[in-house]
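Structural features, examined
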Amino acid sequence: MLSERLMSELNRQINYELYSAYLYTAMETYFLDRGLTGFANFFKVQTQEELAHTRIFFEYVYRKNGRVTLEAIDKPEADFASILDLFEKALAHERFVTSRIYKLVDIAVEEREHATNSFLKWFVDEQVEEEESFQGLVDRLNLMGDKPSNLFMIDAELAQRVFTLPAPLVPTAQA
Ligand code: FEO
């Protein structure tokens, strides 16, 4: 059974994950508008991941006999001064999401809600990957600059990214 406070914070997290999907869709359009389809693909996959994160929280709330209340999603930022600026904003957003996950863990620990604490461990690890992924791109753009030859090289790499269903959503084999 979830406390009202924890259920409300989990609901808020669902909203933030949906916002993340919305933000990354805005970033996808930024690249589609500039013909950088590999970068656009990176954000398409990122959006799919955020929708999967939303689903994981959604299903968990119901498994714990809670209720999901959907609120309005903020308009995503879509005004970027440069590709580097866009990735720095994406990294800042992921750091914010990490702080949100830590807050949820803090509440679960405080309330001795061990199941929710255990559930959140996957997200703690996932956020390391999320920040690492964006930090890596910020570092590369800082190091290499945004000359077309560099951008096309990164674009070709990012075109290879594919979505894989996160572990918590993979159906387990029936015994
Ligand atoms: Fe759902 Fe990018 O964290």
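Residues numbered from 1 in each chain as written. Predicted model: local features only at pLDDT ≥ 70, side-chain atom pairs only at ≥ 80, totals over all residues. Heavy atoms only, no water.

**Observations regarding helix α2 (residues 37-63)**
Rule in force here: Comment: elements are numbered from the N terminus, with helices defined as DSSP H or I runs of at least four residues and strands as E runs of at least two. Helix span, as expected, comes to 1.5 Å for every residue beyond the first.
With 27 residues, α2 extends 39 Å from end C-alpha to end C-alpha; this agrees with the ideal 39 Å at 1.5 Å per step. Backbone geometry just after α2 places Asn 65 at a positive phi near 65°.

**As for the environment of Ala 108**
Selection rule: Throughout, a residue-residue contact means that at least one pair of heavy atoms, one from each residue, lies within 4.5 Å.
Within the secondary structure, Ala 108 is located in helix α3 (residues 83-110). Between the C-alpha atoms of Ala 108 and Thr 25, which are 83 residues apart in sequence, the distance is 31 Å. If we ignore the near neighbours within four places in the chain, the residues touching Ala 108 are Leu 6, Glu 113, Thr 116, Asn 117 and Leu 120.

**Thoughts on the packing of α2 against helix α4 (residues 114-144)**
Angle between the axes and distance between the axes: these two values describe a pair of packed helices. Under the convention used in this document: Lines fitted to the C-alpha atoms define the axes, with helices restricted to the stretch that makes contact. Angles between their N-to-C directions range from 0 to 180 degrees. Angles below 35 degrees are treated as roughly parallel, those above 145 as roughly antiparallel, those between 65 and 115 as roughly perpendicular, and all remaining angles as oblique. When residues are sorted by character, Ala, Val, Leu, Ile, Met, Phe, Trp, Tyr, Cys and Pro go into the nonpolar class, Asp, Glu, Lys and Arg into the charged class, and all the rest, Gly among them, into the polar class.
Close contact between α2 and α4 brings their axes to 12 Å; oriented N to C, the two are set at 170°. Classed by the angle they form, the pair α2 and α4 counts as roughly antiparallel. In contact with Phe 42, Phe 43, Gln 46, Glu 49, Glu 50, His 53, Ile 56, Phe 57 and Tyr 60 of α2, α4 contributes Ala 115, Thr 116, Phe 119, Leu 120, Trp 122, Phe 123, Glu 126, Glu 130, Ser 133, Phe 134 and Leu 137. Of the residues contributing to the contact of α2 with α4, the split by class is 12 nonpolar, 4 polar and 4 charged.

**Here's the deal with the packing of aromatic side chains**
For clarity, the cut-off: Ring pairs are drawn from Phe, Tyr and Trp, using the six-membered ring of Trp, whenever the two centres fall within 6.5 Å, and their geometry is named by plane angle: stacked under 30 degrees, edge-to-face over 60, tilted for the rest. Here's how the labels work: a residue is buried when its accessible area is under 20% of the maximum for its type, exposed when over 50%, partly exposed in between, all with a 1.4 Å probe on protein chains only. A ring is scored as having a charge over it whenever the NZ atom of a lysine or the CZ atom of an arginine sits within 6 Å of its centre and within 35 degrees of its normal.
Within this structure, the stated rule accounts for 21 aromatic pairs. Seen in terms of ring centroids, Tyr 16 and Phe 96 are 5.1 Å apart; in terms of plane orientation they differ by 80°. Their pairing is edge-to-face. Remark: Phe 96 occurs in helix α3 and Tyr 16 occurs in helix α1 (residues 4-32); sequence separation between them is 80 residues. Relative to Phe 87, the ring of Phe 31 has its centre 6.2 Å away and its plane inclined at 40°; by these criteria the two rings are tilted. Of this pair, Phe 31 sits in helix α1 while Phe 87 sits in helix α3, placing them 56 residues apart in sequence. The residues Phe 31 and Phe 87 share a single accessibility class, namely buried. Each residue in the set Tyr 24, Tyr 30, Phe 31, Phe 39, Phe 42, Phe 43, Phe 80, Phe 87 and Phe 134 is aromatic and connected to the rest through ring pairs, giving one cluster. Above the ring of Tyr 30, the side-chain terminus of Arg 34 is found at 3.7 Å from the ring centroid. Residue placement shows Arg 161 over the ring face of Phe 42; its charged tip is 4.5 Å from the ring centre.

**Regarding the packing of α1 against α3**
Closest axis-to-axis distance for the α1/α3 pair is 11 Å, and the angle between their directions is 170°. Taken together, the axis directions place α1 and α3 in an arrangement best described as roughly antiparallel. Classifying every residue of the contact of α1 with α3 by side-chain character gives 19 nonpolar, 3 polar and 8 charged.

**What to know about the nonpolar core**
Note the threshold: Think of a nonpolar core as a cluster: buried Ala, Val, Leu, Ile, Met, Phe, Trp, Tyr and Cys residues, connected wherever their side-chain atoms sit within 4.5 Å.
Judged by nonpolar contacts, the single largest core of 24 residues is most densely connected at Phe 31, Phe 39, Phe 43, Ile 83 and Phe 87. Breaking this core down by element, the ones donating at least two residues are α1, α2, α3, α4 and α5 (148-158). Not counting the four nearest positions on each side in its chain, Phe 39 is found in contact with Phe 31, Ile 83, Phe 87, Leu 151, Ile 154, Asp 155 and Leu 158. Judged by nonpolar contacts, the second largest core, of 21 residues, contains Val 97, Ile 101, Phe 119 and Leu 169.

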